[in-house]
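An overview of the molecular structure
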Amino acid sequence: MSGTLARWLTGPRVAGLPAPSDLPAPGLSFEFFPPKTEKLEEQLWTCIRRLEPLAPRFVSVTYGAGGSTQERTHQTVARLVAETSLTPAAHLTCVGATREEVDEVARRYWEAGVRHIVALRGDPPAGATTYTPHPGGYAQAEDLVRGLKRIADFEISVGAYPEVHPAAVSADADLDFLKRKIDAGATRAITQYFFDSELYLRFIDRCLAKGITVPIVPGILPVSNFQQVVKFSAMCGASVPAWMGHLFEGLEEDAETRRMVAAVVAAEQVRLLQANGVDEFHFYTLNRPDLTYAIAHILGARPKKG
């Protein structure tokens, strides 16, 4: 026997992933960024209303480099509390502010009804290439976590880096930083996005070996603009597999096909993680809801009635 049929009959058999109905719908959370213009604010709220019926565990609102969107972040979070059924989590960073100023922002959140903070060291301010702690501020995320716990009994999520933070001296040192953030009072870690599921699975093995037992929630970035993600990934230390470039090759002027490819890539990634027992996902929506909604649907999430 030779040819195509022979290859089909004698090649390895690959077991399929479990049927979607065989697995419970995972817990979901969504990340938005605060708008800079009225038009972008309209786009953000269209996104929020589209995803709200999926009843995510929480939604987070980011904080610009150097705290550049602090007031817009606060306004968005306060409106989420007042006008939606969603549970908001506000990003808070160490950059460009004293401890007293950061503490005051945290108190304002608590008074507004916000009980969940995503505590991050933060990126250097615009124009700076390296992070320098504010002379009167929190030096690192672990210090911020301790400070927040002194103010109120916040639920606190922190960042984790399956491929190592760009500023870390080593993978082990980076994991030590994560352990210190957890020991300081964080209850969850949310990862930087990644595209190779094996990277995440190896990372959680290393976390467990280090004694980290809180949930390490995978951050998922649905990609529709591949070139933009390549540039951003080079800055934040996330690798972009060669196979991904091949999938998007030749689609620079074809946005519709890019969206379809993006949905397939992300759905395959989360389905594989789900088959490996991962039951919670954090989606970086980029304030564009349709890809995230479609992937959530594939995972078994359905709008809550009433």
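Residues numbered from 1 in each chain as written. Predicted model: local features only at pLDDT ≥ 70, side-chain atom pairs only at ≥ 80, totals over all residues. Heavy atoms only, no water.

**Observations concerning empty space enclosed by the protein**
This is how the line gets drawn: Note on definitions: the grid is 1 Å and covers protein atoms alone; a cavity is a set of points where a 1.4 Å probe fits but cannot get out; a pocket is an open set with protein on both sides within 12 Å along at least five of seven lines; lining residues have an atom within 4 Å of a point. Grid points are joined across faces, edges and corners, and a volume is the space filled by probe spheres set on the points.
In total, this model carries 1 cavity of 30 Å³ or more according to the counting rule given. Looking at the largest cavity, the residues that line it are Y161, P162, E163, V164, Q192, Y193, F194, C236, G237 and A238.

**Section: the pattern of salt bridges**
Quick note on the threshold: Only one rule defines a salt bridge in this text: a Lys or Arg side-chain nitrogen within 4 Å of an Asp or Glu carboxyl oxygen. Working definition: helices are DSSP H or I runs of at least four residues, strands are E runs of at least two. Numbering for both runs from the N terminus.
As enumerated under the stated definition, the model contains 16 salt bridges in all. Of the charged contacts in the structure, one is a salt bridge between R206 and D172, with a shortest N-O distance of 3.6 Å. Note that R206 is positioned in helix α7 (residues 197-209) and D172 in helix α6 (residues 171-183), a separation of 34 residues in sequence. Each of R57, E155, R188 and E280 takes part in a single network of salt bridges with overlapping partners.

**Remarks on the packing of α6 against α7**
The condition that has to hold: Convention adopted: a line fitted to C-alpha atoms gives each axis, helices being fitted over their contacting stretch, and angles between N-to-C directions are expressed from 0 to 180 degrees. Crossing handedness: left-handed means the near helix sits turned counterclockwise from the far one by under a right angle, and right-handed means the same turn made clockwise. Whether two residues touch is decided by their heavy atoms; if any such pair falls within 4.5 Å, the residues are in contact. Residues are sorted three ways: Asp, Glu, Lys and Arg are charged, Ala, Val, Leu, Ile, Met, Phe, Trp, Tyr, Cys and Pro are nonpolar, and all the rest, Gly among them, are polar.
Contact geometry for α6 and α7: axes closest at 11 Å, N-to-C directions at 65°. Two packed elements cross with a definite hand, and for α6 against α7 that hand is right-handed. Between α6 and α7, the contacting residues are A171, D172, L175 and L178 on the first element and F203, R206 and C207 on the second. Considered class by class, the residues forming the contact of α6 with α7 number 5 nonpolar, no polar and 2 charged.

**Points about the pairing of strand β4 (residues 116-120)**
Here is the rule we go by: Only protein chains enter the area calculation, which uses a 1.4 Å probe; residues under 20% of their type maximum are buried, those over 50% are exposed, and those in between are partly exposed. Handedness of a crossover is defined as follows: orient the strands so they point away from the viewer, and if the path from the first strand over the helix to the second runs clockwise, the crossover is right-handed. Pairing between strands is defined by DSSP: at least two bridges between them are needed.
Most of β4 sits out of view: 4 of its 5 residues are buried. Between the parallel elements strand β3 (residues 88-93) and β4, the chain passes through helix α4 (residues 99-111) in a crossover that is right-handed. Two elements, β4 and strand β5 (residues 155-160), share 4 bridges in a ladder whose sense is parallel. Along β5, the bridge assignment pairs A119 with V158.

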